[in-house]
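# Observations on the three-dimensional arrangement
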Amino acid sequence: MRYLTFALAKGRLAKKSLQLFEKVGITCEEMKDEKTRKLIFVNEELKVKFFLAKASDVPTYVEYGAADIGIVGKDTILEEGRKLFEVMDLGIGKCRMCVCGPQSAQELLQHHEMIRVASKYPKISKDYFYNIKHQTVEIIKLNGSVELAPLVGLSEVIVDIVETGSTLRENGLDVLEEICPLSARMVVNQVSMKMENERIMKMIRDLKEVLE
Ligand code: PRP
């Protein structure tokens, strides 16, 4: 049996994903050691390997087959647009992709004004404004703390993830439009899906059972 390799998005999602895998008997003791600097974790018995990667790199590892399976947010899947199969919603890390800004920006959205949109997600922003709303906008790519942009006059609105809404509230911003719901998904390399179909399908069935 060959190894099945999993790429997990670093952070909160990785911990929750591992807890879910444990419930279907896929465990990796090595990975629980929080002080470790190791990058790859192996369970020899089950013939599985896990590695942690920056979320935005997970779809890349999976498309090229360096990982058979990836666990990553729908936001990253949409933004990266890689060739892979999205096979399952894990129902964890639920949040929403939204257009946010001060209430005063609502009018600019309604009247399709030429506005500036700041986001960590330029592709999602572009798809939404150009293909769904048919509004011409200028998209400005940022790398974090995007809520700052409308506060300091860099942009009129932002496209960002809203989870609890507290970042918006504490900065006097609101959700103006909702783009789509988000959550963690399992993605599979297209060749692995054929070559390891039985193992992967069994894992998906087991996970679905646990989630129900
Ligand atoms: C995310 C997101 C929002 C915030 C939303 O940022 O970009 O800023 O969380 O969560 P809330 O609705 O519960 O307040 P993250 O913490 O990943 O940091 P970043 O903005 O620096 O990327």
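As a starting point, this report considers the structure included with it.

Reading the values: rules and limits
Residues numbered from 1 in each chain as written. Predicted model: local features only at pLDDT ≥ 70, side-chain atom pairs only at ≥ 80, totals over all residues. Heavy atoms only, no water. Core = buried A, V, L, I, M, F, W, Y, C linked by side-chain atoms within 4.5 Å. Buried < 20%, exposed > 50% of the residue type's maximum accessible area, 1.4 Å probe, protein only. Helix = DSSP H or I, 4+ residues; strand = E, 2+ residues; numbered from the N terminus. Pairing = 2+ DSSP bridges. Axes fitted to C-alpha atoms, helices over the stretch in contact; angles between N-to-C directions. Contact = heavy atoms within 4.5 Å. Expected span 1.5 Å × (residues − 1). Arc of directions from axis to C-beta. Parallel < 35°, antiparallel > 145°, perpendicular 65-115°, else oblique.

## Considerations on the nonpolar core
Core analysis: the biggest nonpolar cluster contains 39 residues, and Phe6, Leu8, Phe21, Phe50 and Met186 have the highest contact counts within it. Residue assignment for this core shows that the elements contributing at least two residues are β1 (4-9), α1 (12-23), β3 (48-53), α2 (58-63), β4 (69-73), β11 (184-188) and α9 (197-211). By size, the runner-up hydrophobic cluster in this structure holds 17 residues, among which are Ala105, Val137, Val157 and Leu176.

## Considerations on the sheet that holds β3
Pairing in this open sheet of 6 strands is mixed, and the strands run β2-β3-β1-β4-β11-β5 from one edge to the other. Bordering the open sheet on either side are β2 (40-43) and β5 (85-89), each of which pairs with just one other strand. Strand-to-strand twist in this sheet, taken as the mean axis angle between neighbours without regard to direction, amounts to 25°. With 3 bridges joining them, β1 and β4 adopt parallel strand pairing. When the bridges of β4 are listed, phenylalanine 6 appears paired with isoleucine 69. Along the sheet, α1 contacts β1, β3, β4 and β11; its crossing angle with β1, the most-contacted strand, is approximately 140°. The sheet strands contacting α9 are β1, β3, β4, β5 and β11, and the helix crosses β5 at an angle near 25°.

## Comments concerning α9
With 15 residues, α9 extends 21 Å between its outermost C-alpha atoms, agreeing within 8% with the 21 Å of an ideal straight helix rising 1.5 Å per residue. Regarding α9, the residues found buried are Ile200, Met203, Ile204 and Leu207. Along the axis of α9, the buried residues cluster in a sector spanning 100°; they form a single face. Of the residues in α9, the exposed ones pointing more than 90 degrees away from the buried face are Glu198, Arg205 and Glu209. Contact partners of the buried residues in α9: β1, α1, β4, β5, β11 and α8 (190-195).

## Observations regarding the packing of α1 against α9
At a closest axis distance of 9 Å, the pairing of α1 and α9 adopts a crossing angle of 100°. With respect to α9, the element α1 is oriented roughly perpendicular. Contacts between α1 and α9 involve Leu20, Phe21 and Lys23 from the former and Met203, Leu207, Val210 and Leu211 from the latter.

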